[in-house]
Amino acid sequence: MDFEIRKVRTAQGPRKLQAEREEYFRLVKAGYSNREASRIVGVHERTGREWRNGRWDPQRLRPPAAQARPRPRQERVYTPRASAPRERVPVPAEVRSRYLSERERIHIADRLREKAAVRAIAAELGRSPSTISREIRRNRTDGTRGQWHYRPFAAQARAESRRPRPKPRKISRNPELRAAVQAGLDERWSPEQICQALRRQFPDRPEMHVVHETVYQALYVQGRGALRHELADALRSGRARRRPHRQANCRKPRFTEPMVMISERPAEAADRAVPGHWEGDLIIGRNSGSAIGTLVERSTRYVMLLHLPANHTAASVHDALIETVQTLPAHLKRSLTRDQGSEMASHGSFTVATDIPVYFCDPASPWQRGSNENTNGLLRQYFPKGTDLSLHSREHLDAVAAQLNGRPRKTLDWETPAERLHKLLAA
């Protein structure tokens with residue numbers, strides 16, 4: 001296979017993943033599942049599902065309006081097949097789809113006639129048992145004497161009628177419900193309060209029940225005309241449109257100065273062979289009102305603590321970092337790895353003042369600073385959570401750091417961080 005997984009794992013947006021998408025669709029057409037195809041091309045399973053469902057390029061993947069309309073189909077009558085032997089060969093896999101095909105529904109009907117178990121049918125089709133159970137429960141027809149029948153062609157027709165998007169919204173179809181939601185928003189109620197009030201006011205009318213997400217969608221999709229645009233002002237957030245949170249390509253820059261991500265950090269820092277590469281963080285006190293800065297050297301696990309008695313703003317952390325690293329020799333000032341906390345807003349001026357490049361971890365990736373996270377856990381024995389950290393003096397912080405640096409470490413072959421650092425300084 002000519003395709004190779006890209007080595008740079010930073011977010012690049014949908015257009016720069018063209019090679020991965022083409023290889024993904026080739027594997028899916030070849031019969032691979034979403035999990036296997038995503039693993040081979042090196043993307044998350046959720047990304048593969050979005051590609052498969054057409055969310056990345058809807059104009060290319062969605063059929064034209066003329067083709068999207070369901071064609072009138074003739075009524076077909078299902079004739080059960082003759083009884084088959086007990087051992088059945090699994091249905092050969094075709095191009096996998098998230099939806100059950102007509103051929104799979106016929107197979108379900110045949111096996112139900114033979115009194116087969118739901119899990120056996122699911123194993124033969126390569127589907128989840130819950131998928132088969134939900135399909136039978138949703139599309140069966142009740143008969144006399146408590147009996148029911150599963151008719152595959154009728155089930156296929158109902159599934160195709162349910163599939164077209166977008167569907168009419170509940171609020172726009174019910175004028176009474178719309179008026180009730182508008183009245184609640186005029187009273188400055190939140191969508192969740194409105195929905196709970198409707199359930200209590202109309203307990204026996206399901207058509208008047210909605211969830212708060214339905215109200216939010218009606219507010220934010222103004223092009224559909226479900227609610228008046230002015231009602232968006234009634235929301236406490238004051239936003240007339242939704243703010244994306246989990247889409248990496250839609251995030252705003254964290255700082256005014258561009259960040260250098262950890263993927264661009266030298267390889268010598270990753271394998272801990274060369275000393276002088278540091279990891280930094282803050283441990284936060286009670287009600288986020290106080291903090292202590294931590295610095296850990298990746299090769300020796302040597303700890304240095306930053307005294308922040310007043311606050312932990314960007315300016316305070318910037319000054320404390322410069323004051324601390326100036327005590328180090330030049331060959332121990334190679335790089336600093338931090339998370340994307342707001343206290344590092346002045347990382348550019350710190351690099352200019354100390355000539356130490358700062359590399360930032362990816363969002364929600366604490367394992368990229370493993371030594372620092374482990375050291376923070378050790379420091380909580382001295383500085384418990386929920387306490388005021390501003391009470392500790394500079395001398396006390398130095399004593400705690402000296403005690404940690406004098407502790408034998410298994411990862412250092414039972415040497416102490418102070419001994420290992422002394423060897424490096426002597427060399």
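Placed above this text is the structure.
This is a predicted model, so every value here is computed, not measured.

Q: Help me understand the sheet that holds strand β5 (residues 303–306), please; the structure alone is not making it clear to me.
A: Sheet strands pair by backbone hydrogen bonding; their relative direction is either parallel or antiparallel. The mixed open sheet is built from 5 strands, whose spatial order is β5-β4-β3-β6-β7. Since the sheet does not close on itself, it has two edges, and those belong to β5 and β7 (358–360), each with one partner. Neighbour to neighbour, the strand axes of the sheet diverge by 25° on average, direction disregarded. Pairing of strand β3 (residues 277–284) with strand β4 (residues 291–297) involves 7 bridges; the strand directions are antiparallel. Counterpart to glutamate 279 in the pairing with β4 is valine 296. Most of the contacts of helix α15 (residues 314–325) go to β5, to which it runs at about 140°, and overall it touches β3, β4, β5 and β6 (335–338).

Q: What is the right way to look at the pairing of β3 in this model?
A: In regular strands, side chains alternate between the two faces of the sheet. Most of β3 is tucked away: 7 of the 8 residues are buried. Bridge count between β3 and β6: 3 bridges; the pairing is parallel. The residue of β6 that forms the bridge with glutamate 279 is threonine 337. Connecting β3 to the antiparallel partner β4 that follows it, the hairpin turn spans 6 residues, and asparagine 287 within it adopts a positive phi of roughly 55°.

Q: I would appreciate a short explanation of the nonpolar core in the present structure.
A: For soluble globular proteins, nonpolar side chains are generally found buried alongside one another. With 20 residues, the main nonpolar core has Leu295, Leu321, Leu336, Met344 and Phe350 as its most contacted residues. Elements with a minimum of two residues in this core: β3, β5, α15 and β7. For this core, the leading source of residues is α15, giving 5 residues. Once you skip the residues sitting within four places of it in the chain, leucine 321 turns out to touch Leu295, Leu306, Leu336, Met344 and Phe350. Ile171, Val181, Val215 and Leu219 belong to the second largest nonpolar core, which has 15 residues in total.

Q: Honestly, helix α13 (residues 212–220) in this entry has me stumped. Any pointers?
A: The periodicity of an α-helix, 3.6 residues per turn, causes residues three or four places apart in sequence to face the same way. Considered for burial, the residues of α13 that qualify are Val215, Ala218, Leu219 and Tyr220. Elements in contact with the buried residues of α13: α10 (170–173), α11 (175–186) and α12 (191–201).

Q: Explanation requested: the pattern of salt bridges in the structure shown.
A: Opposite charge on two side chains makes pairing possible when the charged atoms of those side chains draw close. Taken as a whole and assessed by the stated rule, the structure comprises 17 salt bridges. Across the pair arginine 105 and glutamate 135 runs a salt bridge whose closest N-O atoms are separated by 2.8 Å. In this pair, arginine 105 sits in helix α6 (residues 102–113) while glutamate 135 sits in helix α8 (residues 129–139), placing the two residues 30 residues apart along the sequence. Here arginine 105 matches glutamate 135 in class, with each residue buried. Across the pair aspartate 398 and arginine 394 runs a salt bridge whose closest N-O atoms are separated by 3.0 Å.

Q: I would appreciate a short explanation of the packing of helix α7 (residues 118–125) against α8 in the present structure.
A: A packed helix pair is summarised by two numbers, namely the angle formed by the two axes and the spacing between the axes. Viewed as axis vectors pointing N to C, α7 and α8 meet at an angle of 115°, and their least axial separation amounts to 8 Å. Where α7 crosses over α8, the two elements pack in a sense that is right-handed. Each of Val118, Arg119, Ile121, Ala122 and Leu125 in α7 lies in contact with α8, whose residues at this interface are Pro129, Ile132, Ser133 and Ile136. Classifying every residue of the contact of α7 with α8 gives 7 nonpolar, 1 polar and 1 charged.

The rules behind these values
Here the residue numbers are simple positions, counted from 1 along each chain's written sequence. Totals for whole chains, interfaces and linings use every residue, but because this is a predicted model, local features are given only for residues with pLDDT of at least 70 and side-chain atom pairs only at 80 or more, for both listing and counting. Hydrogens and waters are ignored; side-chain quantities use all the structure's heavy atoms. Two strands qualify as a pair provided that DSSP identifies no fewer than 2 bridges between them. Put simply, DSSP marks the helices as runs of H or I at least four residues long and the strands as runs of E at least two long, and each gets a number from the N terminus on. Note on geometry: axes are C-alpha line fits, over the in-contact stretch for helices, and angles between N-to-C directions span 0 to 180 degrees. We call two residues contacting when some pair of their heavy atoms lies within 4.5 Å. To sort residues, take the accessible area from a 1.4 Å probe on protein chains only and compare it with the maximum for the residue type: under 20% means buried, over 50% means exposed, and anything in between is partly exposed. The set of buried Ala, Val, Leu, Ile, Met, Phe, Trp, Tyr and Cys residues whose side-chain atoms join them within 4.5 Å is what this entry labels a nonpolar core. Every case where a carboxyl oxygen of Asp or Glu lies within 4 Å of a side-chain nitrogen of Lys or Arg is listed as a salt bridge. The sense of a crossing depends on the near helix, which, turned anticlockwise from the far helix by less than a right angle, makes the crossing left-handed and, turned clockwise, makes it right-handed. Residue classes follow a fixed rule: Ala, Val, Leu, Ile, Met, Phe, Trp, Tyr, Cys and Pro count as nonpolar, while Asp, Glu, Lys and Arg count as charged, and any other residue, Gly among them, counts as polar.

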